[in-house]
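Below, each chain spelled out in residue letters.
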Amino acid sequence: MAGCLYLCATPIGNLEDITYRAVRILGEADLIAAEDTRTSRKLLDRYEITTPVTSYHEHNKLEKAGTLINKLQEGQNIALITDAGTPGISDPGEELVKMCFEEGIEVVSVPGPAAFVTAVTSSGRSNRRIAFEAFLPKDKKYRAHIIEELRNETRTIVLYESPHHLKATLKELSNALGEDRELTIARELTKRYEEKLQFTFGEAIDYYDTNEPRGEYVLVISGKSKEELARENEAKWENLSLSEHMKIYLDKGSDKKQAMKSVAKDRGVSKRDIYNKIIQEENNED
Ligand code: SAM
């Protein structure tokens, strides 16, 4: 019978943040696959876990995944751990899980810390709807595309960032979302120098001009408010006459009735209002 892949969440800083179940499974597994065997040694020693450890990281994941799948097929149980938090969240866990599904191997997630959940819940920002973007892509074109998408995002936006790129990312986001947009910068969560700073983008940029970023960061950014979106929408239509606005929908294939409905919706007024104004505009033209 094939073994099972356990995704064991480990601390994001404070070594006490691990579940009893994760400690038991790490102790009972035949093999632990760790992102960085030296980093994980501290945790395993702390809990006196003597299970053999092998490395599984970004740079060997393609060859190594095959070896791990073979061992699972032979019946070994493998516990996957990463440097911090939940395997599969912005780390190489995802690919191995996909391969297990393709091979019919059972995958069990052993839940625990994840940096973005820790940051959002203590940020003081709305957490009913969040857009977790992890790290913004490095590829310039794709990055610009994602940032463009974030411009009108109304959910709370959550991003991971390294200290080396924090300042540049803040400037980029400030340009796109506006320097008055508010955010919480959570640093070194669960560690000795944990802090959560509340800023606007403008304030954050000024702050890091004199305070060099150090440690690990999560950005929790308020989404665009519904009022701001409505204001922007109104401004967009203000420059168009009604007939120009109608033409946009007529050109897309709507009939006159549908176009009036869409225009009314864009402008936040009733269909009757639009109808009356169109008649007025037509009469004025005569
Ligand atoms: N799998 C992890 C999780 O469950 O959150 C995330 C791994 S990702 C490679 C590492 C990033 O997570 C860091 O660059 C940082 O943005 C964030 N992170 C991890 N630990 C953190 C901490 N203690 N405080 C703030 N951010 C942290």
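Residues numbered from 1 in each chain as written. Predicted model: local features only at pLDDT ≥ 70, side-chain atom pairs only at ≥ 80, totals over all residues. Heavy atoms only, no water.

S.K.: Any chance you could explain the packing of aromatic side chains here in plain terms?
M.R.: To describe a pair of aromatic rings, you give the distance between the ring centres and the angle between the ring planes. Counting across every chain of the model gives seven aromatic pairs. Pairing Phe199 with Tyr207 gives two aromatic rings, centres 5.2 Å apart and planes at 45°, and the pair type is tilted. Members of the aromatic cluster, joined through ring pairs, are Phe116, Phe132, Phe135 and Tyr160. (Phe/Tyr/Trp six-rings, centres within 6.5 Å; stacked < 30°, edge-to-face > 60°.)

S.K.: Help me out: how do you make sense of the site of the ligand in this one?
M.R.: Close to the ligand lie 18 residues; Ile12, Ile89, Ala115, Tyr160 and Tyr217 are nearest. Glu161 has a polar backbone atom sitting 3.4 Å from an oxygen atom of the ligand. Residue Glu216 places a side-chain N or O atom 3.4 Å away from a nitrogen atom belonging to the ligand. For the ligand, the accessible surface in isolation is 580 Å², of which the surrounding protein chains cover 91%. Put simply, the parts of the chain that give the shell around the ligand at least two residues each are β7 (156-161) and β10 (217-221). Each residue belonging to the shell around the ligand can be placed in one class, and the counts come to 10 nonpolar, three polar and five charged. (Near = heavy atom within 4 Å. Polar contact = N/O pair within 3.5 Å; in protein donor to acceptor, adjacent residues only side chain to side chain. Areas by Shrake-Rupley, 256 points an atom, 1.4 Å probe, with all protein chains shown as cover. Helix = DSSP H or I, 4+ residues; strand = E, 2+ residues; numbered from the N terminus. Nonpolar A, V, L, I, M, F, W, Y, C, P; charged D, E, K, R; others polar.)

S.K.: Just to check I follow, could you spell out helix α7 (residues 166-177) for this structure?
M.R.: The α-helix winds at 3.6 residues per turn, so residues separated by three or four positions along the chain end up facing the same way. Compared with an ideal rise of 1.5 Å per residue, which puts 12 residues at 16 Å, α7 spans 16 Å between its outermost C-alpha atoms and is within 8% of the ideal. Regarding α7, the residues found buried are Leu166, Thr169, Leu170, Leu173, Ser174, Ala176 and Leu177. One face of α7 carries all of its buried residues, which in axial projection span an arc of 165°. For α7, the elements touching its buried residues are α6 (140-150), β7, β8 (182-187), α8 (201-210) and β10. Gly178, located one to two residues past α7, shows a positive phi value of around 105°. (Expected span 1.5 Å × (residues − 1). Buried < 20%, exposed > 50% of the residue type's maximum accessible area, 1.4 Å probe, protein only. Arc of directions from axis to C-beta. Contact = heavy atoms within 4.5 Å.)

By themselves these figures say nothing about function.
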